[in-house]
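Structural overview
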Amino acid sequence: MTLSLLLVYFFRSPKQFQGVELPRVSVLVPFYNEDADVLVKVLSLLDAQRYPLPLQVVLIDDGSSNETPERIKSWLALPRRQKYLLLTRPKNGGRKGYALDYALASGELEGSAYVVVDSDTYIAEEGIYHLVAKLWSDSRYAAVCGFISPENHQGSLIGSLQYYEHIGFYGAIRAAQDQLGVVPVLAGAFVAHRASVVQEIGGWGDWLVEDISWCWKALAAKHRTGYAPDAVATTQCPRTRQALFRQRRRWARGRVEAFATAWRMSWTRGLLFTPWFLLSALQFLFPPTLLMLPLLVLFQIWPPLLLSTLTMVMYMIFTMLYAKRHKNGISVGWRTMTKIPLFTALLEVLTWVPNVLGYGDEILGRKKSWLTR
């Protein structure tokens, strides 16, 4: 699979989208008890976006109980470049998808493209331009995500593990998947949706992990999903083991949600997606390489070690090619490249148990909770 993606990325050039007439955009920013300083910075960076048309920025207060809504109202009272709308849900729904659907049901959204931005995610000056231009470059795209890296990773081993995870293999893999029109995991912190497809297949409130499941529903409906590496953003990552544990448990459950959603949408597409789902499930559920390594050496089982080494070499080549083509504001030299596989392996160990529990949560039908709030 890795070799196939590498060949696709190496031999197929990304489609150019110069001269595309860009649409009106509604930016959806749901928030619940967010730190006011963080949210104000998010809004300031959205206000500074370079896009040929004014943006409609829709803030969705999902039943916050702190002082942040009042702080935001004060910020909105001053003259701004973009157009703003504040919607308030009287009670927190417990899921980001509910807040997004609340905005959808309001009838206030003006854009032909909906850009979802997390309330702790900072968008680069031309981030929305690159994201929407990619979405509009092909009418078959239902959604496109951008390149996201942790902003608060310094001084924390947990943060560093996630930083090297995001600047390493993630972007390269998504860039190759984009050439096939099948990016199975869209980063929900910064993603653009085609409004017409949202109206066709529905919103986001059915799932605990709305970004993955909506993506698979769109793919099952025979749309394409993509990746815009030049649409750059940074976000806040978990900095403690407990927070990381909860996040990855929720994400694991979301992968099972997505697979079930694809089957409900189309059994033929569900059948087509089954091999990829099973491969990814084995990757997350099987004991990580660092845990298996001593046993493999002890019993002299060399083929898995050889295959793992070859795969890692291909990933590193893949990542270097990607970094050379797309700078993303991050320097990926040889020193960084030596850290990526080590930190990725360590992260696999830390997230193995929450991955197993997340799969079990969905299979056993346990009550859904956000976990990270």
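Report on the accompanying structure.

1. Re the overall build of the chain
- Broken down by element type, the chain carries 13 helices and 8 strands.
- Relative to a compact globule of 373 residues, whose C-alpha radius of gyration would be 21 Å, the chain shows 20 Å and is just as compact.
- Projected onto its principal axes, the C-alpha coordinates of the chain cover approximately 70 × 45 × 45 Å.
- Counting over 373 residues, the chain shows a buried share of 55%.
- Restricting to contacts in the chain with at least 6 residues of sequence separation, those with at least 24 account for 84%.
- In the form shown here, the chain has an accessible surface area of approximately 17300 Å², with 60% of it arising from carbon and sulfur atoms.
- Of the charged side chains in the chain, 40 are positive and 29 negative, and the gap between their average positions amounts to 6 Å.

2. With respect to the pattern of salt bridges
- Applying the stated criterion to the full structure yields 17 salt bridges.
- Two residues, Glu70 and Lys73, come together in a salt bridge whose shortest N-O distance is 3.5 Å. Taken together, the positions of Glu70 and Lys73, both in helix H3 (residues 68–76) and 3 residues apart, correspond to about one turn of that helix.
- Between Arg224 and Asp138 there is a salt bridge; the shortest N-O distance is 3.9 Å. Taken together, the residues Arg224 in strand E8 (residues 224–235) and Asp138 in the loop between helix H5 (127–136) and strand E6 (141–150) connect sequence positions 86 residues apart.
- The exposure class assigned to Asp138 is buried, which follows from its relative accessible area of 8%.
- Three or more residues joined by partner-sharing salt bridges are found here, namely Arg24, Lys83 and Glu110.

3. Regarding the environment of Gly203
- One can find Gly203 in the loop between helix H7 (195–201) and helix H8 (210–220).
- A relative accessible area of 16% places Gly203 in the buried class.
- Sequence separation between Gly203 and Phe286 is 83 residues; the distance between their C-alpha atoms is 33 Å.
- Residue contacts for Gly203: discarding those within four places in its chain leaves Asp101, Leu104, Val198 and Trp214.

4. As for the packing of helix H6 (residues 157–180) against helix H12 (residues 302–325)
- For the pair H6 and H12, interaxial distance at closest approach is 9 Å and the crossing angle is 75 degrees. Considering their axes alone, H6 and H12 lie roughly perpendicular with respect to each other. Where H6 abuts H12, its residues Ile167, Gly168, Phe169, Gly171, Ala172, Ile173, Ala175 and Ala176 lie against Met312, Tyr315, Met316, Phe318, Thr319 and Tyr322.
- Split by residue class, the contact of H6 with H12 holds 11 nonpolar, 3 polar and no charged.

5. Digging into the packing of aromatic side chains
- This model, assessed by the stated rule, comprises 9 aromatic pairs.
- Geometrically, the ring pair formed by Phe259 and Trp263 is edge-to-face, given 6.3 Å between the ring centres and 85 degrees between the ring planes. Placement of both Phe259 and Trp263 in helix H9 (residues 241–265) is noted, with a separation of 4 residues, approximately one turn of the helix.
- Exposure remark for Phe259: the relative accessible area of 15% places this residue in the buried category.
- Between Phe259 and Phe277, the aromatic rings sit 4.1 Å apart at their centres with planes inclined by 0 degrees, giving stacked as the arrangement. In this pair, Phe259 is assigned in helix H9 and Phe277 in helix H10 (residues 267–285), connecting sequence segments 18 residues apart.
- Ring pairs connect the aromatic residues Trp216, Phe259, Trp263, Phe273, Trp276, Phe277 and Tyr359, which therefore count as one cluster.
- Note that Arg224 overlies the ring of Tyr141, its terminal NZ or CZ placed 5.9 Å from the centroid.
- For Arg255, the ring lying beneath its charged end belongs to Phe284, and the centroid distance is 3.7 Å.

Parameters at a glance
- Residues numbered from 1 in each chain as written.
- Predicted model: local features only at pLDDT ≥ 70, side-chain atom pairs only at ≥ 80, totals over all residues.
- Heavy atoms only, no water.
- Helix = DSSP H or I, 4+ residues; strand = E, 2+ residues; numbered from the N terminus.
- Rg over C-alpha atoms; globule rule 2.2 N^0.38 Å.
- Buried < 20%, exposed > 50% of the residue type's maximum accessible area, 1.4 Å probe, protein only.
- Contact = heavy atoms within 4.5 Å.
- Areas by Shrake-Rupley, 256 points an atom, 1.4 Å probe, with all protein chains shown as cover.
- Lys, Arg positive; Asp, Glu negative; His and termini not counted.
- Charge placed at Lys NZ, Arg CZ, Asp CG, Glu CD.
- Salt bridge = Lys/Arg side-chain N within 4 Å of Asp/Glu carboxyl O.
- Axes fitted to C-alpha atoms, helices over the stretch in contact; angles between N-to-C directions.
- Parallel < 35°, antiparallel > 145°, perpendicular 65-115°, else oblique.
- Nonpolar A, V, L, I, M, F, W, Y, C, P; charged D, E, K, R; others polar.
- Phe/Tyr/Trp six-rings, centres within 6.5 Å; stacked < 30°, edge-to-face > 60°.
- Lys NZ or Arg CZ within 6 Å of the ring centre and 35° of its normal.

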